[in-house]
Protein chains: 2
Amino acid sequence: MQFRGRIDERVLQAAEASFAAYRAAPAETRARLLEEIAEAMLAKRDEIVDVADQETKLGLPRLEGELGRTVNQLRLFAGVVRDGSWVDARIDTRDAARTPPKPDVRRMLVPLGPVVVFAASNFPLAFSTAGGDTASALAAGCPVVLVVHPASPGTGAAVGVIVESAVERCGLPKGLFSCVLTNGDHELNLDLVKHPLTRAVAFTGSLRGGRALFDAAASRPDPIPVYAEMGSTNPVFVLPGALAERGAALGATLADSATQGVGQFCTKPGLVFAVDGAGFEAFTAALAARVGEKAPAPMLYDALAARFREGVAGLAATTGVVKLSAAPGDEDGRAGRPAAFQVSLDDFLRTPALHEEVFGPATLVVRASSVDDLSRAADALEGQLTASVHATTAELPSAAPLVAKLERKVGRLLFGGVPTGVEVGAAMNHGGPYPATTDARTTSVGTAAIMRFVRPLAWQDAPQAALPVELRDGNQRGIWRLVDGKLTRDALA
Amino acid sequence: MQFRGRIDERVLQAAEASFAAYRAAPAETRARLLEEIAEAMLAKRDEIVDVADQETKLGLPRLEGELGRTVNQLRLFAGVVRDGSWVDARIDTRDAARTPPKPDVRRMLVPLGPVVVFAASNFPLAFSTAGGDTASALAAGCPVVLVVHPASPGTGAAVGVIVESAVERCGLPKGLFSCVLTNGDHELNLDLVKHPLTRAVAFTGSLRGGRALFDAAASRPDPIPVYAEMGSTNPVFVLPGALAERGAALGATLADSATQGVGQFCTKPGLVFAVDGAGFEAFTAALAARVGEKAPAPMLYDALAARFREGVAGLAATTGVVKLSAAPGDEDGRAGRPAAFQVSLDDFLRTPALHEEVFGPATLVVRASSVDDLSRAADALEGQLTASVHATTAELPSAAPLVAKLERKVGRLLFGGVPTGVEVGAAMNHGGPYPATTDARTTSVGTAAIMRFVRPLAWQDAPQAALPVELRDGNQRGIWRLVDGKLTRDALA
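Because the structure is a prediction, the values reported are computed rather than measured.

Reading the values: the criteria
- Residues numbered from 1 in each chain as written.
- Chains lettered and ligands numbered in written order.
- Predicted model: local features only at pLDDT ≥ 70, side-chain atom pairs only at ≥ 80, totals over all residues.
- Heavy atoms only, no water.
- Helix = DSSP H or I, 4+ residues; strand = E, 2+ residues; numbered from the N terminus.
- Rg over C-alpha atoms; globule rule 2.2 N^0.38 Å.
- Contact = heavy atoms within 4.5 Å.
- Lys, Arg positive; Asp, Glu negative; His and termini not counted.
- Charge placed at Lys NZ, Arg CZ, Asp CG, Glu CD.
- Patch = residues over 30% accessible without salt bridge, like charges linked within 9 Å, V, L, I, M, F, W, Y side chains within 5 Å.
- Areas by Shrake-Rupley, 256 points an atom, 1.4 Å probe, with all protein chains shown as cover.
- Salt bridge = Lys/Arg side-chain N within 4 Å of Asp/Glu carboxyl O.
- Expected span 1.5 Å × (residues − 1).
- Bend = angle between axes of the 7 residues up to and from the residue.
- Axes fitted to C-alpha atoms, helices over the stretch in contact; angles between N-to-C directions.
- Parallel < 35°, antiparallel > 145°, perpendicular 65-115°, else oblique.
- Left-handed = near helix turned anticlockwise from the far one by under 90°.
- Least-squares fit on C-alpha atoms with pLDDT ≥ 70 in both.
- Pairing = 2+ DSSP bridges.

Colleague: Explanation requested: the overall build of chain A in the structure shown.
Modeller: Within chain A, the regular secondary structure consists of 14 helices and 19 strands. For chain A, the C-alpha radius of gyration of 24 Å lies close to 23 Å, the compact-globule estimate for 493 residues. Dimensions along the principal axes, computed over C-alpha positions, put chain A at roughly 70 × 55 × 40 Å. Look at the contacts in chain A between residues 6 or more apart in sequence, and 75% of them connect residues 24 or more apart. In chain A, the 50 positive side-chain charges and the 55 negative ones have mean positions that sit 4 Å from each other.

Colleague: What is the right way to read a negative patch on the surface from this model?
Modeller: On the surface, D46(A), E47(A), D50(A) and E64(A) cluster together into a patch of negative charge. In terms of residues, the negative patch owes the most to one element, helix α3 (residues 45-56) of chain A, which gives three residues.

Colleague: I keep staring at helix α1 (residues 9-24) of chain A and nothing clicks. Help me out?
Modeller: Taking 1.5 Å per residue, 16 residues should reach 22 Å; α1(A) reaches 24 Å between its end C-alpha atoms and fits that length. The largest bend along α1(A) measures about 35° and falls at S18(A).

Colleague: Even after reading the chapter, I still don't get the packing of helix α9 (residues 240-259) of chain B against helix α10 (residues 280-293) of chain B, so can you show me in this structure?
Modeller: Helix-helix packing: each pair is described by the crossing angle between the helix axes and the interaxial distance. All names here are of chain B. At a closest axis distance of 7 Å, the pairing of α9 and α10 adopts a crossing angle of 25°. On the basis of their axis angle, the class for α9 and α10 is roughly parallel. Along this stretch, α9 crosses α10, giving a crossing that reads as right-handed. Contact residues: L243, G247, A248, L250, G251, A252, L254, A255, D256 and T259 in α9; F280, A282, F283, A286, L287, R290 and V291 in α10.

Colleague: Whenever I open this one, the relation of the copies chain B and chain A confuses me. Can you help?
Modeller: The two chain copies are related to each other by a rotation about an axis together with a translation along it. Least-squares fitting of chain B to chain A yields an RMSD of 0.0 Å, with the transformation described by 0.0 Å of translation along the axis and a rotation of 180°. On this basis, the relationship between the two copies can be described by a two-fold rotation axis. When C-alpha positions in chain B are compared against the rotation axis, the closest is assigned to A218(B), at 3.2 Å. A shared binding surface is used by both copies, with 100% of the interface residues of chain B retained as interface residues in chain A.

Colleague: Quick question: what am I supposed to make of the sheet that holds strand β3 (residues 115-118) of chain A here?
Modeller: Within a sheet, adjacent strands bond to each other through the backbone by hydrogen bonds, running parallel or antiparallel. Residues and elements named next belong to chain A. The strand order across the open sheet formed by five strands is β5-β4-β3-β6-β7, and the pairing between neighbours is parallel. The open sheet terminates on both sides in strands that have one partner only, identified here as β5 (177-180) and β7 (226-229). Across the sheet, the mean angle from the axis of one strand to that of its neighbour is 15°, orientation sign disregarded. Sheet topology note: the strand β6 (residues 200-204)/β7 ladder contains four bridges and is parallel. By the bridge assignment, V201 is partnered in β7 with V226. Lying on the sheet, helix α5 (residues 132-140) is in contact with β3, β4 (144-147), β5 and β6; it crosses β4 at an angle near 170°.

So this is what it looks like as structure tokens:
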């Protein structure tokens, strides 16, 4: 790990130098690397969780869960790599009889090269040193330069050593993985993005931070992709029937979701649109009561807690906004004090500041008058990671226009659930239209995240020896391939 | 069609207004639209080809071939849409017994929204009004605003009317497809890219033009993807054995490829690296002789011909560059006069201007001393659409380092062929690292081009009625889906 006035050239040069060997290594080597990291993290579980808790104050149960998730992600990507079909192999065979003769063309996805990954403060394990971005980049075949988050350098170091030694045990070049500590220095971070050898960037954090990285990458002589996940208000829409049927229960559930982990999830439900009528009062009362019962808890770092308090003060001072409840107690230092607010839809629609994310344990209930009003609210929203709809089966057809609007605005649409707790699987999409992310075409959670770090490459009329094993006639790995338009695991005849 | 001082707002508003109905329409409607366009183009074949020939002077045989290719592309995408598996459907089923319960998550690719497509001058049919970009965007489910190329407005109008009336016959909203004539006005083109309703941009043309569109899109409040295919020198590497075995034949073949269609292909081999030794003289002599036999022919428009002559004059005036041959005759007006040049590798390496594309019928042979020299040349090159390697089977292993380098620089790697003549199929990749394109993660030729205009969307715990047909339990369309990690066409149990 290094901390310097400027980026050490050697870090990216070593990453680049490792790339040829790593991309040429068998898939089994990549899979084993990911599993070695997972095993070593389990072996050092207590030590990692302790230092993470000292730094983040997220608590042992949450951090133990997050370590388990991190290990599972690494294993999941090992499985994807070992299975091999993710490379989207396609073979169009030769037809020498055609005029002009049809060539043999074969394509698959290949890794981009060195990737700069910025660790996230709110997931010191699952989206940091050996987290989802690192796992998917390594799975894709890309070297990783990991920028440690300044709020959890000890956790970064503890996991960084584990990854480095797994690289060594697998006989892979040292430069394949490096940790860099820039201490939040904006210019150093941009230097990494602008470095000629950097081929892609992954980031989870603020809109301002993510956009700055995107702009730096787009203004390079050779632009590169930036996958910045920048947060979201994760609007929840509660229809009249659902309110009447289970208003109080929904209020308590949403209060739990909004305050879970001190509200420090990208998927925290920050805006709740509900239709006034039967059940509405019970809903807001239950939400307010549950929020009022939560104890203030330390946030990830001082500046974040200060920003949260500013956000909450801004809400409280906004015309038309009413405080429903707040947890009792201290507001000093790192403490984040859960709070709930309410506003009318009209006031919401005329106040752009209310559309912005307040990162921390606060949520704003927006009182609407009808299901049509909910659609108007959806029109006014920017891109989001998620939206959630709570409706009875009977009233769901009336929500069709709302749902159609939300499908254009979000990366994941939930029916009846809470957005926090992002399942890691093949079908998950954790992304969404700007400003939720800088690239809605991808996900940062789940196996499809591997697609961020690859591009297609075609070989035309190549001899067998010049082809990657995935594209050779024999299909030695038994992967799914699209051969002359037909999906098959068979070898070529 | 419209030509105004500013973009008519109504064009993009109509595109946006058509989107909801089009994305909700059954796949069969999309497929039929593409086929209707194809049939109507065939029915008006003579008329279209005549006006295209008047405008482009590409000649009837070439334009008839291009019309056939355009029709085939439309039919190919109709087949992709009807097959339906391209949506990459994934289903992770519920596990209520797990702690916490595992939700039901389903995802597929959904269209982005209105796409602005800039017609290409060098493919007035296959990469213009109803060309590959339009076909892939419509196949994906996106409305298209087509910017007619100012060099072929009559062709654009003739095909535009066909697409518009096919949209009407299919009962789809009028705004689904519109033609706009900006007459090459830079500000108008940028206005289209910056318009808030535009969701993606496709372009084939110059580096300067493509980069300007990319920069405008990246600096939007909400950045959008730009797929600009900006050309390439398509380097060819000829190894000593291949030269000795078939130097003269290779020289003639490359001369034909470099001058085909008056050198106006993105894949024209503009740089040929060959190792001096047995066969080298025969190679350059045959290449020079064949180029010298070609007649000058009109290029696509006056300014393009003028730029080509400037490029050729620049080559001729460069230290170390020797003219091998030139076609006889006129250099005035639109005429492009085929020419071949030669330079040493050292002079090439020290002269960055020689690395740039000269669009038109010119090629530069670079004399190298060894296979290692070819690798040095590859190191010096920027991103390319293609590279080609000519080697005997026996010497191919010696080219492994060269091939490994080229794999990082190009989108398609050919063995023994010429880069012109891009096969349209599932396995084709027509793209490549910057400056060949602004987004190496995609192709503009072949069925994978549909991936440029979509993004993933996940539904969590959605009732069947709220899901798209592709994600419902019954798998009514019989598409391939990844269900709990297993690729299958079966319905859910």
